[in-house]
Amino acid sequence: MTQQTERICILGGGFGGLYTALRLSQLPWESTQKPEIILVDQSDRFLFSPLLYELLTGELQTWEIAPPFEELLQGTGVRFYQATVSGIDIDQRRVQLQDGPEIICDRLVLALGGETPLDLVPGAANYAYPFRNITDAYRLEERLRVLEESTADKIRVAIVGAGYSGVELACKLADRIGEKGRFRLIEISDQILRTSPEFNRQAAQKALETRGVFIDLETKVESITQDAITLEYKNQVDTIPVDLVIWTVGTRVAPVIKTLPFKQNQRGQISTTPNLQVVDYPEIFALGDLADCRDAEGQQVPATAQVAFQQADYAAWNIWASLTNRPLLPFRYQPLGEMVSLGIDNATLTGLGVKLDGTLAYVARRLAYLYRLPTLEHKLKVGFNWLVRPIIETLSQ
Ligand SMILES: Cc1cc2nc3c(=O)[nH]c(=O)nc-3n(C[C@H](O)[C@H](O)[C@H](O)COP(=O)(O)OP(=O)(O)OC[C@H]3O[C@@H](n4cnc5c(N)ncnc54)[C@H](O)[C@@H]3O)c2cc1C
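Residues numbered from 1 in each chain as written. Predicted model: local features only at pLDDT ≥ 70, side-chain atom pairs only at ≥ 80, totals over all residues. Heavy atoms only, no water.

Asker: Before we go on, may I ask you to explain the site of the ligand in this structure?
Answerer: The environment of the ligand is made up of 26 residues, and the closest members are G16, D41, S49, V85 and D289. Contact distances for the ligand include 2.6 Å between an oxygen atom and a side-chain N or O atom of D41. One of the backbone N or O atoms of D289 is found 2.8 Å from an oxygen atom in the ligand. Bound to the protein, the ligand loses 84% of the 1,000 Å² it would expose on its own. The residue inventory of the shell around the ligand, partitioned by class, reads twelve nonpolar, eleven polar and three charged. (Near = heavy atom within 4 Å. Polar contact = N/O pair within 3.5 Å; in protein donor to acceptor, adjacent residues only side chain to side chain. Areas by Shrake-Rupley, 256 points an atom, 1.4 Å probe, with all protein chains shown as cover. Nonpolar A, V, L, I, M, F, W, Y, C, P; charged D, E, K, R; others polar.)

Asker: Just to check I follow, could you spell out the layout of surface pockets for this structure?
Answerer: Any empty space left between atoms is shown by rolling a water-sized probe over those atoms. Quantified by volume, the second largest pocket comes out at close to 480 Å³. Contributing to the lining of the second largest pocket are 22 residues, with Y19, R23, Q26, F309 and D313 lying nearest its centre. Going through the elements one at a time, α1 (17–26), α10 (305–323), α11 (359–372) and α12 (376–395) are the ones with two or more residues in the lining of the second largest pocket. Its residues placed into classes, the lining of the second largest pocket shows ten nonpolar, six polar and six charged. In terms of domain composition, the lining of the second largest pocket takes at least three residues from each of domain 1 (7–42 + 83–115 + 252–323) and domain 3 (338–395). (1 Å grid on protein atoms, 1.4 Å probe; cavity = no way out; pocket = protein on both sides within 12 Å on 5 of 7 lines; lining within 4 Å. Points joined across faces, edges and corners; volume = space filled by probe spheres on them. Helix = DSSP H or I, 4+ residues; strand = E, 2+ residues; numbered from the N terminus. Domains from an automatic or database assignment.)

Asker: Just to check I follow, could you spell out the sheet that holds strand β11 (residues 214–216) for this structure?
Answerer: Within a sheet, adjacent strands bond to each other through the backbone by hydrogen bonds, running parallel or antiparallel. Ordered in space as β8-β15-β9-β10-β11, the five strands form an open sheet in which the pairing is parallel. Of all strands in the sheet, those with a lone pairing partner are β8 (128–130) and β11, marking the two edges. Across this sheet, the average inter-strand angle for adjacent strands is 25 degrees, counted without regard to direction. Pairing of strand β9 (residues 155–160) with strand β10 (residues 181–186), which is carried by six bridges, proceeds in the parallel orientation. Of the residues in β10, the one forming a bridge with R156 is R182. (Pairing = 2+ DSSP bridges. Axes fitted to C-alpha atoms, helices over the stretch in contact; angles between N-to-C directions.)

Asker: Even after reading the chapter, I still don't get the environment of K234, so can you show me in this structure?
Answerer: Inspection of the secondary structure puts K234 in the loop between β13 (228–233) and β14 (236–241). You can call K234 exposed: its relative accessible area is 58%. (Buried < 20%, exposed > 50% of the residue type's maximum accessible area, 1.4 Å probe, protein only.)

Asker: What exactly am I supposed to notice about the packing of aromatic side chains here?
Answerer: To describe a pair of aromatic rings, one takes the distance between the centres and the angle between the planes. With the rule as written, the count across this model stands at twelve aromatic pairs. Seen in terms of ring centroids, F15 and Y19 are 5.8 Å apart; in terms of plane orientation they differ by 0 degrees. Their pairing is stacked. There is no split in this pair, since F15 and Y19 are both buried. For the pair Y314 and F331, a centre-to-centre distance of 5.2 Å together with 80 degrees between the ring planes defines the contact as edge-to-face. (Phe/Tyr/Trp six-rings, centres within 6.5 Å; stacked < 30°, edge-to-face > 60°.)

Asker: Quick question: what am I supposed to make of the pattern of salt bridges here?
Answerer: It is possible for side chains of opposite charge to pair when their charged atoms get near one another. Counted under the stated rule, the structure contains 21 salt bridges. The salt bridge partner of E168 is R365, with a shortest N-O separation of 3.9 Å. Linking E168 in helix α7 (residues 164–177) with R365 in helix α11, this pair joins segments that are 197 residues apart in sequence. Judged by its relative accessible area of 1%, R365 is buried. The shortest N-O distance in the salt bridge between E198 and R201 comes to 2.4 Å. In this pair, E198 and R201 both sit in helix α8 (residues 198–210), three residues apart, roughly one turn of the helix. The buried category is assigned to R201, whose relative accessible area is 11%. (Salt bridge = Lys/Arg side-chain N within 4 Å of Asp/Glu carboxyl O.)

Listed below in C-alpha coordinates is the structure:
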(Lines give C-alpha, C1' and ligand atoms only; values in the text may rest on other atoms or scores of the structure.)
Protein backbone atom coordinates (compact mmCIF):
# COMPACT_ATOMS: atom_id res chain seq x y z
CA MET A 1 0.00 0.00 0.00
CA THR A 2 1.45 3.43 -0.90
CA GLN A 3 1.56 6.02 1.84
CA GLN A 4 -0.24 9.31 1.17
CA THR A 5 2.02 12.36 0.81
CA GLU A 6 1.90 14.55 3.87
CA ARG A 7 0.99 18.21 3.45
CA ILE A 8 2.41 21.22 5.24
CA CYS A 9 0.47 24.44 4.91
CA ILE A 10 2.12 27.74 5.84
CA LEU A 11 -0.13 30.75 6.30
CA GLY A 12 1.64 34.06 5.73
CA GLY A 13 4.74 34.60 3.59
CA GLY A 14 6.61 37.14 5.70
CA PHE A 15 9.80 36.71 7.69
CA GLY A 16 8.31 33.76 9.58
CA GLY A 17 6.40 32.00 6.81
CA LEU A 18 8.53 32.47 3.69
CA TYR A 19 11.79 31.57 5.42
CA THR A 20 10.13 28.48 6.98
CA ALA A 21 8.99 27.37 3.52
CA LEU A 22 12.43 27.93 1.98
CA ARG A 23 14.16 26.09 4.82
CA LEU A 24 11.70 23.18 4.69
CA SER A 25 12.36 22.75 0.99
CA GLN A 26 16.11 22.39 1.70
CA LEU A 27 15.88 19.81 4.50
CA PRO A 28 17.04 16.26 3.80
CA TRP A 29 13.71 14.57 3.05
CA GLU A 30 13.95 11.03 1.80
CA SER A 31 12.28 10.91 -1.60
CA THR A 32 9.46 8.71 -0.29
CA GLN A 33 8.86 11.12 2.60
CA LYS A 34 8.97 14.48 0.83
CA PRO A 35 5.80 16.33 1.81
CA GLU A 36 3.79 18.78 -0.22
CA ILE A 37 4.59 22.32 0.99
CA ILE A 38 2.03 25.07 0.40
CA LEU A 39 2.57 28.75 1.16
CA VAL A 40 -0.42 31.12 1.29
CA ASP A 41 -0.24 34.91 1.29
CA GLN A 42 -2.74 37.62 0.41
CA SER A 43 -0.02 39.51 -1.44
CA ASP A 44 1.87 38.32 -4.51
CA ARG A 45 5.11 39.62 -2.97
CA PHE A 46 7.26 39.05 0.09
CA LEU A 47 8.09 42.31 1.86
CA PHE A 48 11.44 43.01 3.49
CA SER A 49 9.85 45.58 5.80
CA PRO A 50 13.02 47.02 7.44
CA LEU A 51 13.79 48.58 4.04
CA LEU A 52 10.26 49.91 3.35
CA TYR A 53 11.27 53.51 4.18
CA GLU A 54 13.76 53.48 1.30
CA LEU A 55 10.86 53.29 -1.20
CA LEU A 56 9.74 56.75 -0.08
CA THR A 57 13.17 58.29 -0.59
CA GLY A 58 13.75 56.50 -3.92
CA GLU A 59 16.88 54.88 -2.46
CA LEU A 60 15.45 51.45 -3.32
CA GLN A 61 12.94 50.06 -5.75
CA THR A 62 9.98 47.72 -5.18
CA TRP A 63 11.60 44.72 -6.93
CA GLU A 64 14.55 44.91 -4.54
CA ILE A 65 12.63 44.88 -1.26
CA ALA A 66 9.45 43.11 -2.40
CA PRO A 67 10.23 40.30 -4.84
CA PRO A 68 7.28 38.16 -6.07
CA PHE A 69 6.80 34.82 -4.29
CA GLU A 70 6.66 32.98 -7.63
CA GLU A 71 10.21 34.14 -8.33
CA LEU A 72 11.54 33.30 -4.86
CA LEU A 73 9.97 29.85 -4.81
CA GLN A 74 11.04 28.82 -8.29
CA GLY A 75 12.72 25.42 -8.23
CA THR A 76 11.97 24.83 -4.52
CA GLY A 77 8.92 22.64 -5.01
CA VAL A 78 6.89 24.93 -2.69
CA ARG A 79 3.44 25.71 -4.10
CA PHE A 80 2.21 29.26 -3.68
CA TYR A 81 -1.41 30.38 -3.39
CA GLN A 82 -2.18 34.08 -3.46
CA ALA A 83 -5.30 34.27 -1.29
CA THR A 84 -6.61 35.77 1.93
CA VAL A 85 -7.05 33.31 4.77
CA SER A 86 -10.65 33.74 5.91
CA GLY A 87 -11.05 30.91 8.41
CA ILE A 88 -9.18 28.11 10.15
CA ASP A 89 -10.63 24.92 11.64
CA ILE A 90 -7.91 23.99 14.07
CA ASP A 91 -9.21 20.54 15.02
CA GLN A 92 -9.35 19.38 11.40
CA ARG A 93 -6.34 21.55 10.37
CA ARG A 94 -8.51 22.86 7.56
CA VAL A 95 -7.89 26.33 6.10
CA GLN A 96 -10.52 28.37 4.27
CA LEU A 97 -9.33 30.80 1.65
CA GLN A 98 -11.39 33.70 0.39
CA ASP A 99 -12.39 32.83 -3.21
CA GLY A 100 -10.11 29.81 -3.11
CA PRO A 101 -10.02 26.13 -2.23
CA GLU A 102 -10.04 24.64 1.26
CA ILE A 103 -6.73 23.16 2.31
CA ILE A 104 -6.47 20.28 4.75
CA CYS A 105 -3.01 19.61 6.04
CA ASP A 106 -0.95 17.47 8.41
CA ARG A 107 1.14 20.35 9.75
CA LEU A 108 -0.15 23.89 9.88
CA VAL A 109 2.12 26.92 10.31
CA LEU A 110 0.60 30.20 11.46
CA ALA A 111 2.73 33.20 10.41
CA LEU A 112 0.24 35.91 9.48
CA GLY A 113 2.07 38.68 11.33
CA GLY A 114 0.18 41.65 12.77
CA GLU A 115 -1.93 44.65 11.80
CA THR A 116 -1.69 48.32 12.71
CA PRO A 117 -4.67 49.24 14.91
CA LEU A 118 -6.28 52.41 13.58
CA ASP A 119 -9.21 52.50 16.01
CA LEU A 120 -7.30 53.76 19.05
CA VAL A 121 -8.34 57.39 18.59
CA PRO A 122 -11.27 59.00 16.77
CA GLY A 123 -10.47 59.93 13.18
CA ALA A 124 -7.34 57.77 12.78
CA ALA A 125 -9.08 55.16 10.61
CA ASN A 126 -10.29 57.84 8.18
CA TYR A 127 -7.43 60.34 8.15
CA ALA A 128 -4.21 58.76 9.38
CA TYR A 129 -1.83 56.84 7.12
CA PRO A 130 -0.49 53.54 8.51
CA PHE A 131 2.94 52.30 7.38
CA ARG A 132 3.25 48.53 7.43
CA ASN A 133 3.07 47.10 3.93
CA ILE A 134 3.61 47.96 0.26
CA THR A 135 0.03 49.21 -0.16
CA ASP A 136 0.55 51.61 2.77
CA ALA A 137 3.82 52.83 1.23
CA TYR A 138 2.17 53.46 -2.17
CA ARG A 139 -0.74 55.33 -0.55
CA LEU A 140 1.64 57.48 1.44
CA GLU A 141 3.76 58.11 -1.66
CA GLU A 142 0.65 59.30 -3.50
CA ARG A 143 -0.25 61.71 -0.69
CA LEU A 144 3.32 63.02 -0.50
CA ARG A 145 3.33 63.67 -4.25
CA VAL A 146 0.09 65.66 -4.03
CA LEU A 147 1.51 67.74 -1.18
CA GLU A 148 4.84 68.27 -2.93
CA GLU A 149 3.11 69.42 -6.13
CA SER A 150 0.81 71.84 -4.28
CA THR A 151 1.66 75.54 -4.09
CA ALA A 152 1.57 75.57 -0.27
CA ASP A 153 4.76 76.99 1.22
CA LYS A 154 4.87 74.33 3.99
CA ILE A 155 4.13 70.63 4.27
CA ARG A 156 3.09 69.90 7.86
CA VAL A 157 3.54 66.26 8.85
CA ALA A 158 2.65 64.68 12.21
CA ILE A 159 4.05 61.23 12.91
CA VAL A 160 2.43 59.38 15.79
CA GLY A 161 4.78 57.12 17.74
CA ALA A 162 8.51 57.61 18.32
CA GLY A 163 9.43 53.93 18.09
CA TYR A 164 11.58 52.64 15.22
CA SER A 165 9.03 53.28 12.47
CA GLY A 166 8.21 56.81 13.66
CA VAL A 167 11.83 57.88 14.05
CA GLU A 168 12.96 56.29 10.79
CA LEU A 169 10.05 57.79 8.84
CA ALA A 170 10.64 61.25 10.34
CA CYS A 171 14.31 61.25 9.28
CA LYS A 172 13.71 59.82 5.80
CA LEU A 173 10.78 62.14 5.05
CA ALA A 174 12.62 65.18 6.40
CA ASP A 175 15.44 64.38 3.97
CA ARG A 176 12.98 63.86 1.13
CA ILE A 177 10.88 66.98 1.65
CA GLY A 178 13.68 69.28 2.78
CA GLU A 179 13.07 72.99 3.49
CA LYS A 180 9.33 72.87 2.99
CA GLY A 181 8.77 70.16 5.62
CA ARG A 182 7.54 70.80 9.17
CA PHE A 183 7.70 67.62 11.22
CA ARG A 184 6.25 66.69 14.62
CA LEU A 185 7.00 63.35 16.21
CA ILE A 186 4.39 62.58 18.86
CA GLU A 187 5.18 60.15 21.66
CA ILE A 188 3.11 59.21 24.69
CA SER A 189 6.11 58.13 26.83
CA ASP A 190 8.93 60.36 28.03
CA GLN A 191 11.55 59.31 25.46
CA ILE A 192 12.04 58.23 21.88
CA LEU A 193 13.09 54.66 21.00
CA ARG A 194 12.18 53.49 24.48
CA THR A 195 13.62 49.98 24.11
CA SER A 196 16.81 50.94 22.24
CA PRO A 197 20.39 51.02 23.51
CA GLU A 198 21.47 54.49 24.65
CA PHE A 199 23.92 54.88 21.75
CA ASN A 200 21.16 54.42 19.14
CA ARG A 201 18.78 56.70 21.04
CA GLN A 202 21.34 59.48 21.16
CA ALA A 203 22.22 59.10 17.48
CA ALA A 204 18.50 59.25 16.63
CA GLN A 205 17.98 62.30 18.85
CA LYS A 206 20.82 64.06 17.05
CA ALA A 207 19.52 63.08 13.59
CA LEU A 208 16.04 64.37 14.44
CA GLU A 209 17.44 67.65 15.81
CA THR A 210 19.64 68.19 12.74
CA ARG A 211 16.57 67.77 10.54
CA GLY A 212 14.49 70.15 12.63
CA VAL A 213 11.96 67.51 13.70
CA PHE A 214 9.94 68.75 16.67
CA ILE A 215 9.46 66.04 19.32
CA ASP A 216 6.34 66.06 21.53
CA LEU A 217 7.04 63.74 24.47
CA GLU A 218 4.43 62.70 27.07
CA THR A 219 1.84 63.74 24.55
CA LYS A 220 -1.33 61.86 23.76
CA VAL A 221 -3.27 62.05 20.51
CA GLU A 222 -6.91 62.85 21.27
CA SER A 223 -8.32 62.89 17.76
CA ILE A 224 -7.47 63.37 14.11
CA THR A 225 -9.46 65.19 11.43
CA GLN A 226 -8.79 65.84 7.75
CA ASP A 227 -6.56 68.84 8.44
CA ALA A 228 -5.78 68.85 12.17
CA ILE A 229 -4.55 66.76 15.05
CA THR A 230 -5.61 67.31 18.66
CA LEU A 231 -2.96 66.63 21.30
CA GLU A 232 -3.02 66.50 25.07
CA TYR A 233 0.09 67.43 27.04
CA LYS A 234 -0.09 67.67 30.84
CA ASN A 235 -3.87 68.21 30.78
CA GLN A 236 -3.60 70.92 28.18
CA VAL A 237 -5.34 70.23 24.87
CA ASP A 238 -4.15 71.80 21.61
CA THR A 239 -5.40 71.44 18.07
CA ILE A 240 -2.70 71.82 15.45
CA PRO A 241 -3.23 72.15 11.69
CA VAL A 242 -1.56 69.36 9.67
CA ASP A 243 -1.41 68.18 6.06
CA LEU A 244 -0.54 64.58 6.82
CA VAL A 245 -0.74 62.29 9.85
CA ILE A 246 1.20 59.02 9.82
CA TRP A 247 0.21 56.43 12.44
CA THR A 248 2.93 53.96 13.54
CA VAL A 249 1.62 52.91 16.96
CA GLY A 250 0.69 49.36 17.97
CA THR A 251 0.50 45.91 16.53
CA ARG A 252 -2.26 43.40 16.94
CA VAL A 253 -3.08 40.04 15.45
CA ALA A 254 -5.59 39.72 12.64
CA PRO A 255 -9.23 38.85 13.50
CA VAL A 256 -8.92 35.47 11.73
CA ILE A 257 -6.36 34.51 14.42
CA LYS A 258 -7.92 36.31 17.37
CA THR A 259 -11.14 34.31 17.15
CA LEU A 260 -9.36 30.96 17.34
CA PRO A 261 -9.79 29.03 20.62
CA PHE A 262 -6.06 29.03 21.42
CA LYS A 263 -4.40 30.22 24.59
CA GLN A 264 -3.65 33.87 23.75
CA ASN A 265 -2.22 36.87 25.57
CA GLN A 266 -3.88 40.32 25.86
CA ARG A 267 -2.64 41.36 22.41
CA GLY A 268 -4.12 38.19 20.93
CA GLN A 269 -0.73 36.55 20.36
CA ILE A 270 -0.89 32.74 20.44
CA SER A 271 0.99 30.97 23.24
CA THR A 272 3.57 28.53 21.96
CA THR A 273 5.98 26.10 23.55
CA PRO A 274 9.70 26.83 23.08
CA ASN A 275 9.50 24.32 20.17
CA LEU A 276 7.11 26.83 18.50
CA GLN A 277 4.18 24.40 18.74
CA VAL A 278 0.89 25.99 19.71
CA VAL A 279 0.07 25.05 23.32
CA ASP A 280 -2.17 21.91 23.25
CA TYR A 281 -1.89 21.63 19.43
CA PRO A 282 1.44 19.93 18.63
CA GLU A 283 0.67 19.71 14.91
CA ILE A 284 0.21 23.47 14.64
CA PHE A 285 3.24 25.77 14.74
CA ALA A 286 3.16 29.55 15.25
CA LEU A 287 5.94 32.09 14.84
CA GLY A 288 6.71 35.72 14.23
CA ASP A 289 4.58 38.65 15.36
CA LEU A 290 1.49 36.54 16.09
CA ALA A 291 3.26 34.19 18.51
CA ASP A 292 3.69 34.66 22.26
CA CYS A 293 6.90 32.70 22.69
CA ARG A 294 9.45 32.12 25.39
CA ASP A 295 12.63 30.56 24.13
CA ALA A 296 14.66 27.68 25.58
CA GLU A 297 16.06 30.00 28.29
CA GLY A 298 12.56 31.15 29.28
CA GLN A 299 13.24 34.54 27.70
CA GLN A 300 10.21 36.34 26.19
CA VAL A 301 11.10 37.11 22.58
CA PRO A 302 10.15 40.42 20.95
CA ALA A 303 8.03 40.82 17.81
CA THR A 304 10.77 41.64 15.30
CA ALA A 305 11.95 40.44 11.91
CA GLN A 306 15.13 39.26 13.58
CA VAL A 307 13.14 36.90 15.82
CA ALA A 308 10.78 35.67 13.06
CA PHE A 309 13.76 35.00 10.79
CA GLN A 310 15.55 32.96 13.47
CA GLN A 311 12.36 31.12 14.46
CA ALA A 312 11.83 30.06 10.83
CA ASP A 313 14.86 27.78 10.99
CA TYR A 314 13.55 26.09 14.13
CA ALA A 315 9.98 25.84 12.84
CA ALA A 316 11.17 24.15 9.65
CA TRP A 317 13.48 21.81 11.56
CA ASN A 318 10.80 20.88 14.09
CA ILE A 319 8.18 20.19 11.41
CA TRP A 320 10.69 17.97 9.63
CA ALA A 321 11.57 16.28 12.95
CA SER A 322 7.91 15.75 13.85
CA LEU A 323 7.23 14.09 10.48
CA THR A 324 10.35 11.93 10.59
CA ASN A 325 10.12 10.85 14.24
CA ARG A 326 13.12 12.81 15.50
CA PRO A 327 13.43 14.96 18.62
CA LEU A 328 12.32 18.60 18.35
CA LEU A 329 14.61 21.54 19.22
CA PRO A 330 13.64 24.42 21.52
CA PHE A 331 14.09 27.85 19.96
CA ARG A 332 17.21 29.69 21.12
CA TYR A 333 17.03 33.39 20.41
CA GLN A 334 20.30 35.16 19.67
CA PRO A 335 19.85 38.93 19.92
CA LEU A 336 22.18 40.40 17.29
CA GLY A 337 21.58 44.04 18.18
CA GLU A 338 19.61 46.69 16.36
CA MET A 339 20.02 48.94 13.34
CA VAL A 340 18.03 52.12 12.78
CA SER A 341 18.07 54.18 9.59
CA LEU A 342 18.32 57.91 10.29
CA GLY A 343 17.78 59.54 6.92
CA ILE A 344 19.34 59.17 3.51
CA ASP A 345 22.90 57.76 3.86
CA ASN A 346 22.70 57.78 7.65
CA ALA A 347 22.01 55.11 10.31
CA THR A 348 22.99 53.88 13.75
CA LEU A 349 23.67 50.38 14.96
CA THR A 350 24.54 48.64 18.21
CA GLY A 351 25.21 44.94 18.47
CA LEU A 352 27.78 42.17 18.85
CA GLY A 353 30.05 44.58 20.70
CA VAL A 354 29.98 47.16 17.88
CA LYS A 355 28.57 50.71 17.97
CA LEU A 356 28.47 52.70 14.75
CA ASP A 357 26.63 55.70 13.38
CA GLY A 358 26.73 57.86 10.26
CA THR A 359 27.60 56.62 6.77
CA LEU A 360 29.53 53.61 8.03
CA ALA A 361 26.47 52.38 9.90
CA TYR A 362 24.36 53.04 6.82
CA VAL A 363 26.67 50.82 4.70
CA ALA A 364 26.85 48.12 7.39
CA ARG A 365 23.03 48.10 7.66
CA ARG A 366 22.66 47.73 3.91
CA LEU A 367 25.15 44.85 3.80
CA ALA A 368 23.55 43.09 6.78
CA TYR A 369 20.14 43.33 5.09
CA LEU A 370 21.54 42.18 1.77
CA TYR A 371 22.75 39.06 3.57
CA ARG A 372 19.27 38.56 5.06
CA LEU A 373 17.34 38.90 1.78
CA PRO A 374 15.66 35.66 0.73
CA THR A 375 17.33 33.29 -1.81
CA LEU A 376 20.82 33.48 -3.26
CA GLU A 377 19.47 34.56 -6.68
CA HIS A 378 17.69 37.55 -5.22
CA LYS A 379 20.68 38.56 -3.09
CA LEU A 380 22.92 38.43 -6.16
CA LYS A 381 20.50 40.48 -8.28
CA VAL A 382 20.12 43.14 -5.61
CA GLY A 383 23.80 43.17 -4.64
CA PHE A 384 24.81 43.56 -8.27
CA ASN A 385 22.39 46.44 -8.66
CA TRP A 386 23.71 48.16 -5.52
CA LEU A 387 27.25 47.88 -6.85
CA VAL A 388 26.56 48.82 -10.44
CA ARG A 389 23.93 51.56 -10.03
CA PRO A 390 26.25 54.11 -8.37
CA ILE A 391 28.85 53.48 -11.10
CA ILE A 392 26.30 54.08 -13.90
CA GLU A 393 24.96 57.16 -12.10
CA THR A 394 28.49 58.56 -11.70
CA LEU A 395 29.36 57.89 -15.35
CA SER A 396 26.16 59.50 -16.64
CA GLN A 397 26.78 62.75 -14.72
C1 LIG B 1 8.05 49.60 8.41
C2 LIG B 1 8.57 48.48 9.27
C3 LIG B 1 9.91 48.41 9.58
C4 LIG B 1 10.40 47.38 10.36
N5 LIG B 1 11.74 47.34 10.64
C6 LIG B 1 12.24 46.32 11.35
C7 LIG B 1 13.64 46.24 11.61
O8 LIG B 1 14.41 47.10 11.20
N9 LIG B 1 14.10 45.16 12.32
C10 LIG B 1 13.27 44.19 12.78
O11 LIG B 1 13.73 43.23 13.40
N12 LIG B 1 11.93 44.26 12.59
C13 LIG B 1 11.39 45.28 11.88
N14 LIG B 1 10.04 45.35 11.66
C15 LIG B 1 9.17 44.34 12.24
C16 LIG B 1 9.11 43.11 11.32
O17 LIG B 1 8.78 43.49 10.02
C18 LIG B 1 8.14 42.08 11.85
O19 LIG B 1 8.45 41.78 13.18
C20 LIG B 1 8.22 40.81 11.00
O21 LIG B 1 7.88 41.10 9.67
C22 LIG B 1 7.32 39.74 11.56
O23 LIG B 1 7.34 38.64 10.71
P24 LIG B 1 6.00 37.77 10.52
O25 LIG B 1 6.36 36.65 9.59
O26 LIG B 1 5.39 37.45 11.81
O27 LIG B 1 4.99 38.77 9.79
P28 LIG B 1 5.11 39.56 8.40
O29 LIG B 1 6.51 39.65 7.94
O30 LIG B 1 4.33 40.78 8.63
O31 LIG B 1 4.33 38.58 7.42
C32 LIG B 1 2.98 38.31 7.52
C33 LIG B 1 2.48 37.90 6.14
O34 LIG B 1 1.14 37.43 6.26
C35 LIG B 1 0.35 37.93 5.21
N36 LIG B 1 -1.04 37.95 5.69
C37 LIG B 1 -1.53 38.64 6.75
N38 LIG B 1 -2.84 38.37 6.91
C39 LIG B 1 -3.18 37.49 5.92
C40 LIG B 1 -4.39 36.81 5.58
N41 LIG B 1 -5.53 36.94 6.27
N42 LIG B 1 -4.36 35.97 4.52
C43 LIG B 1 -3.22 35.78 3.80
N44 LIG B 1 -2.05 36.39 4.09
C45 LIG B 1 -2.04 37.23 5.15
C46 LIG B 1 0.93 39.31 4.92
O47 LIG B 1 0.65 39.70 3.59
C48 LIG B 1 2.43 39.08 5.16
O49 LIG B 1 3.12 38.74 3.98
C50 LIG B 1 9.52 46.39 10.87
C51 LIG B 1 8.16 46.46 10.58
C52 LIG B 1 7.68 47.49 9.79
C53 LIG B 1 6.21 47.56 9.48
